[in-house]
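# A look at the structure
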Amino acid sequence: MALPKPAPRIEQFEKLGYGMFIHWGLYSLTGKGEWTQHHLKIPREDYAKRAEKFTASEFDARKIAQIAKASGMKYITLTTRHHDGFSLYDTKGLNDFDAPHSAAGRDLIAEFVEGCRAEDIVPMFYHTTLDWYQESFENDFDAYLEYLNESVKLLCTNYGQIGGLWF
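A short tour of the structure in this document, coming up. (Residues numbered from 1 in each chain as written. Predicted model: local features only at pLDDT ≥ 70, side-chain atom pairs only at ≥ 80, totals over all residues. Heavy atoms only, no water.)

## Digging into the overall build of the protein
Scanning the protein from N- to C-terminus turns up seven helices and four strands. Starting at the N terminus and walking to the C terminus, you meet the elements of the protein as α-β-α-α-α-β-α-β-α-α-β. Its C-alpha atoms give the protein a radius of gyration of 17 Å, within 12% of the compact-globule value 15 Å for 167 residues. With the principal axes as the frame, the protein shows a C-alpha extent of 55 × 35 × 30 Å. Taking the contacts inside the protein whose residues are at least 6 apart along the sequence as the reference set, 71% of them involve residues at least 24 apart. With the model as given, the accessible surface of the protein reaches about 9,400 Å², and the carbon-plus-sulfur share is 53%. (Helix = DSSP H or I, 4+ residues; strand = E, 2+ residues; numbered from the N terminus. Rg over C-alpha atoms; globule rule 2.2 N^0.38 Å. Contact = heavy atoms within 4.5 Å. Areas by Shrake-Rupley, 256 points an atom, 1.4 Å probe, with all protein chains shown as cover.)

What follows is the structure in structure tokens.
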């Protein structure tokens, strides 16, 4: 009996084999994980102020890609937005709770993609389907789905070819 042949996109991913998954974002300032806001019941407005301290001063996408490559990895998946709603990419006006509007002042996903490509590593994105910052998530789910769709569209159109998306 022959094994079923996977779809080409699945086969491509399987061939990549070994990779890295990085959860990193505004919540990293606390050192307590991506659910910090929820678990500690930090109000949205108070939590959002943390963006003023998010410099990403030690974020070096090329160095991350070099370490991955030296370890034999073929891809890296980076959080583009986690449940706290803070985006590491330029949301182009969908909101201003993103890295370019934080103390970092830059599009960290653009840097990530550039660093990966420089080291021949496939960039992949993780994007949450939850968003505690976006008010429509709680009170107008149709509007939230439109916001989510537009967010993912930005990721799929502004960074060239990527290896995939995780939700």
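After that view of the structure, there is still more to cover.
## Some details on the environment of Gly115
As for its placement among the helices and strands, Gly115 is situated in helix H5 (residues 108-118). Between the C-alpha atoms of Gly115 and Ala65, which are 50 residues apart in sequence, the distance is 6.1 Å. Look past the residues within four positions of Gly115 in its chain and what remains in contact with it is Ala61, Arg62 and Ala65.

## What to know about helix H7 (residues 141-157)
In this model, H7 (17 residues) spans 24 Å end to end at C-alpha, consistent with the 24 Å of a helix rising 1.5 Å per residue. All of the buried residues along H7 are Tyr144, Tyr147, Leu148, Ser151, Val152, Leu154 and Leu155. Buried residues along H7 cover an arc of 150° about the axis, so they all sit on one side. Structural note: H7 exposes Asp142 and Thr157 on the side pointing more than 90 degrees away from its buried face. Looking at the packing, one finds that the buried side of H7 touches strand S2 (75-81), H5, strand S3 (122-127), helix H6 (136-139) and strand S4 (164-166). (Expected span 1.5 Å × (residues − 1). Buried < 20%, exposed > 50% of the residue type's maximum accessible area, 1.4 Å probe, protein only. Arc of directions from axis to C-beta.)

## Structural notes on the pairing of S2
With seven of seven residues buried, S2 is to be regarded as a mostly interior element. Across four bridges, the pairing between strand S1 (residues 19-22) and S2 is parallel. Paired with Gly19 across the bridge in S2 is Tyr75. As paired strands, S2 and S3 are joined by six bridges and run parallel to one another. (Pairing = 2+ DSSP bridges.)

## Quick notes on unusual backbone geometry
One non-glycine residue, Lys92, lies in the positive phi region at around 50°. Residue placement: Lys92 occurs in the loop between S2 and H5. One non-glycine residue, Asp120, lies in the positive phi region at around 60°. Among the structural elements, Asp120 can be located in the loop between H5 and S3.

## Details of the packing of helix H4 (residues 61-70) against H5
At their nearest, the axes of H4 and H5 sit 8 Å apart, and the two run at 40° to each other. If you check the angle between H4 and H5, you find them oblique. The two elements H4 and H5 cross, and the hand of that crossing is right-handed. Residues Ala61, Arg62 and Ala65 of H4 lie in contact with H5, whose contacting residues are Glu111, Phe112, Gly115, Cys116 and Ala118. Classifying every residue of the contact of H4 with H5 by side-chain character gives five nonpolar, one polar and two charged. (Axes fitted to C-alpha atoms, helices over the stretch in contact; angles between N-to-C directions. Parallel < 35°, antiparallel > 145°, perpendicular 65-115°, else oblique. Left-handed = near helix turned anticlockwise from the far one by under 90°. Nonpolar A, V, L, I, M, F, W, Y, C, P; charged D, E, K, R; others polar.)

## Some remarks on the sheet that holds S4
In space, the four strands of this open sheet follow the order S1-S2-S3-S4, with parallel pairing throughout. In the strand order of this sheet, the two ends are held by S1 and S4, each with one partner. Strand after strand, the sheet turns through a mean of 25° between neighbouring axes, direction not considered. Summarising the sheet, S3 and S4 pair through three bridges and their orientation is parallel. Among the inter-strand pairings, Phe125 is bridged to a residue of S4, identified as Leu165.

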